[in-house]
Each structure stands twice: as C-alpha cells, then as structure tokens.
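Examining the three-dimensional arrangement
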Amino acid sequence: MSAPPAGDENAAYFAANRARWDEAVPIHAASEGYDLAGFLRGEKTLYPVEIEEVGDVGGKSLLHLQCHFGMDTLNWARLGARVTGLDFSGAAVARARELAAEIGVEDATFVQANVYDALAVIHTRFDVVYTGIGALCWIPDVQRWANVVSSLLKPGGFLYVYEGHPMLWALDSERADKLMVVGHPYFETERPSEWAGETTYVDGPPLENQKSFEWNHGLGEIVTALIDAGLRLDFLHEHREVAWQALPWMVRTDGATAARGYARRTAWQLPPGERDLCPLMYSLKASKPA
Ligand SMILES: C[S@@+](CC[C@H](N)C(=O)[O-])C[C@H]1O[C@@H](n2cnc3c(N)ncnc32)[C@H](O)[C@@H]1O
C-alpha cells in the first residue's frame, strides 16, 4: 500500500480494514464458526471465563467496543446488562440492530464509529466497558485507545478484556516443523503488519477485500497504557487455551464447553508436554477509581 496522506496517517489502513470487515459480516453471520443459529436458540457466545470474570452484569450499563454484528453484546443483554455496541463497520452495526430486534431486546443501542471517535458519538458513561477476542490488533496506538476507554467509564466502573496474547500474535503460524518461532513484532510499531488472506478465521467463501493491516501491542504496553489513563489493574490472567486454532498443530479441547450450551465456541491448546511454553490468551480487569 502507498503511504497514507500526511496528517491522517492511519486513514488508509482503517479504510482497507473496514472494507474487509463490511464484507465479512454476512459471511460470518452465515458461517458454522459463528453459529448464529445456536445463538438464536439461546446458546451463549461468550466464553465461560468471560462470564465468570466479569461477574453479575444485571442492571449494569455495558459498552462493547468493536462489537462486530452484536452476538456477544446481546449475550451480555441476555445476562441482564443494558448494552451499547460500537463498531466502525456499517454492515456490522446494521446486522446487530436486526439481531436485537429478532431476539426481542429492545433497549440495545448500536453505534457506528471508529473506537478513536467514540467520545464524539457516545455521551453517556458506563459501568462496564468490554472488548473481546480479535479487537486490539486493529488499533494502532494502545495509549490512545486506553484514554478513550478510561473516559467512557463511570467512576467505579471497570474495563474487561479477553484477547489473544501478544506473544501468540508474534509467532510464525505457518511453520511445518511445529516450532514456535517469533516471526512478527511483539511490541507496538508505528506501521502495521500487512496481511493478505482469501478467507477470514471461520469457514466461508473467498473475500474480494483480501488485505488487512494490524498492530500488535506488548502486554506491558497495554497494562501501562491503562494505568497511565488513570485505571487501576485488578487482575491480569494469562491462559493456556485459545479460542481458535492459532497454530496448525494445536489440539482441540472444547468438549466440556460445547456440552454446556455454548454456541460456536471452540478451544485449542498446545500439544501435551508443551502447554507451559507460551501464553495464548489473556484476560484483564482494570477499574476507574470511584
Ligand atoms: C474480530 S471482531 C471482534 C468481535 C468479537 N470478538 C467477535 O468475534 O465477534 C473485530 C471487530 O472490530 C471492528 N473494528 C476494527 N477496527 C475498528 C476500529 N478502528 N474502530 C471500530 N471498530 C473496529 C471490526 O469491524 C470487527 O467487527
């Protein structure tokens, strides 16, 4: 990609990413991987660890940043939260609104905006800000993101993140020798990594918009950004399990989850004997002082 216009250094990357996400929405909604049918039957799309670690959301206001087409947002609504979802994809927001109507959740709000512009379009403040798997890699500057998150929280409110671990994002996922080799930046970089993929991470037909641009952020950078934005870290858990087959030689371990009424949710681990080698996901909670 040629250099983006001066003064608007990430606009071209955001535009390319948004076009790909717009195209992915109907594909994901029709995919086995997302299992929309399961969600419509009442199954959970959030992971057990997310529900346990966030705790009771009954009566709380919850903002889901980068909500995609709203399944996880509406899962929080089914658990009793008053939800708002934000995503920069117009197709995602439109599908999320339809989905809310389909399942009879009347007070869910969905807003189309870049996360960076959230404060210009959302004027309320929330008890919980939530962001799920595959969100932070689309954000160039984690400090700018953390400042937005902090401003969106009420005093006494908290942020919860469940995400792919930056160490996992840094690994070369295409090695035939099954070695874990660092092949991509672990730390935040000014310029994104450029990817080209015919399909997304779930089943579906090839995309026209094949390029995407992503940024990694080191765990220390993420935590320090939140602290510098005025939040206090409650916990940071690193997990040996990941929600998708991040490396081809991972083994599937989601039998228990599937049996407990969770839609679309798979879990994968490194082979036995390798499980302590590398963290695969993390979850964190950070609170805004009351
Ligand atoms: C992998 S989804 C994450 C949602 C959820 N974990 C899921 O699997 O459904 C990433 C979402 O981030 C959105 N997104 C990417 N960059 C964004 C940005 N800068 N501002 C707002 N939304 C963005 C995309 O449109 C997409 O819906």
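Residues numbered from 1 in each chain as written. Predicted model: local features only at pLDDT ≥ 70, side-chain atom pairs only at ≥ 80, totals over all residues. Heavy atoms only, no water.

A closer look at the overall build of the protein
Test applied: Counting from the N terminus, the helices are the DSSP runs of H or I reaching at least four residues and the strands are the DSSP runs of E reaching at least two. Only the C-alpha atoms count toward the radius of gyration. The rule for a globule is 2.2 Å times the residue count to the power 0.38. Using a 1.4 Å probe on the protein chains alone, a residue whose accessible area is under 20% of its type maximum counts as buried, one over 50% counts as exposed, and one in between counts as partly exposed. By definition, residues are in contact when any of their heavy atoms lie within 4.5 Å. Where accessible areas are quoted, they stem from the Shrake-Rupley method and a 1.4 Å probe; at the residue level, only the protein chains shown are allowed to cover. Neither His nor the chain ends is counted toward charge; the positive residues are Lys and Arg and the negative residues Asp and Glu. Where a charge lies is defined by one atom per residue type: Lys uses NZ, Arg uses CZ, Asp uses CG and Glu uses CD.
The secondary structure content of the protein amounts to ten helices and eleven strands. Here the C-alpha atoms of the protein give a radius of gyration of 18 Å, agreeing with the 19 Å that 2.2 N^0.38 yields for 290 residues. A principal-axis box enclosing the C-alpha atoms of the protein has dimensions of 50 × 50 × 40 Å. With 290 residues in all, the protein has 52% of them scored as buried. Nonlocal contacts in the protein, meaning residues at least 24 apart in sequence, comprise 74% of its contacts between residues at least 6 apart. Carbon and sulfur atoms make up 51% of the accessible area of the protein, which amounts to about 12800 Å² in all. With 25 positive and 39 negative side-chain charges, the protein shows a separation of 5 Å between the mean positions of the two kinds.

So, the site of the ligand
Inclusion rule: The rule for a residue being near a molecule or strand is that one of its heavy atoms must lie within 4 Å of it. Between N or O atoms, a polar contact is any pair within 3.5 Å; within protein, one atom must be a potential hydrogen donor and the other a potential acceptor, and residues adjacent in sequence are included only when both atoms are from side chains.
Residues in contact with the ligand amount to 18 residues; listed here are only the nearest, Tyr34, His68, Asp87, Val115 and Ile133. At 2.9 Å, a side-chain N or O of tyrosine 34 approaches an oxygen atom of the ligand. A distance of 2.8 Å is found between a nitrogen atom of the ligand and a backbone nitrogen or oxygen belonging to isoleucine 133. The protein chains hide 96% of the 590 Å² of surface that the ligand would expose on its own.

What about the sheet that holds strand β3 (residues 109-112)?
Stated formally: Between any two strands, pairing holds if DSSP finds at least two bridges. For helices, the axis comes from a line fit to the C-alpha atoms of the stretch in contact; other axes are also lines fit to C-alpha atoms, and the angle between any two N-to-C directions lies between 0 and 180 degrees.
Strands sit in the order β3-β2-β1-β4-β5-β11-β8 across an open sheet of seven strands; the sheet is mixed. Among the strands making up the open sheet, the edge pair consists of β3 and β8 (232-239). The average angle at which neighbouring strand axes cross in this sheet is 15°, direction not considered. As paired strands, β8 and strand β11 (residues 281-287) are joined by seven bridges and run antiparallel to one another. Looking across to β11, one finds that phenylalanine 235 is bridged to lysine 285. Of the strands in this sheet, β1 (61-65), β4 (126-131) and β5 (153-164) touch helix α7 (residues 142-152), which is tilted by about 140° from β5. In the packing of helix α9 (residues 219-228) onto the sheet, the strands contacted are β5, β8 and β11, and the crossing angle to β11 comes to about 10°.

Regarding the packing of helix α4 (residues 71-78) against helix α5 (residues 90-103)
Packed helix pairs are specified by the crossing angle of their axes together with the interaxial distance, meaning the distance between the axes. Rules: If you view the pair so one helix is near and one far, a crossing is left-handed when the near helix is turned anticlockwise from the far one by less than a right angle, and right-handed when it is turned clockwise. Gly is placed with the polar residues, together with every amino acid not listed as nonpolar (Ala, Val, Leu, Ile, Met, Phe, Trp, Tyr, Cys and Pro) or charged (Asp, Glu, Lys and Arg).
Taken N-terminus to C-terminus, the directions of α4 and α5 make an angle of 35°; their axes are 10 Å apart at the nearest point. For the crossing formed where α4 meets α5, the hand is right-handed. Of the residues in α5, those touching α4 at Met71, Leu74 and Arg78 are Ala96, Leu99, Ala100 and Ile103. Looking at the contact of α4 with α5, its residues break down into six nonpolar, no polar and one charged.

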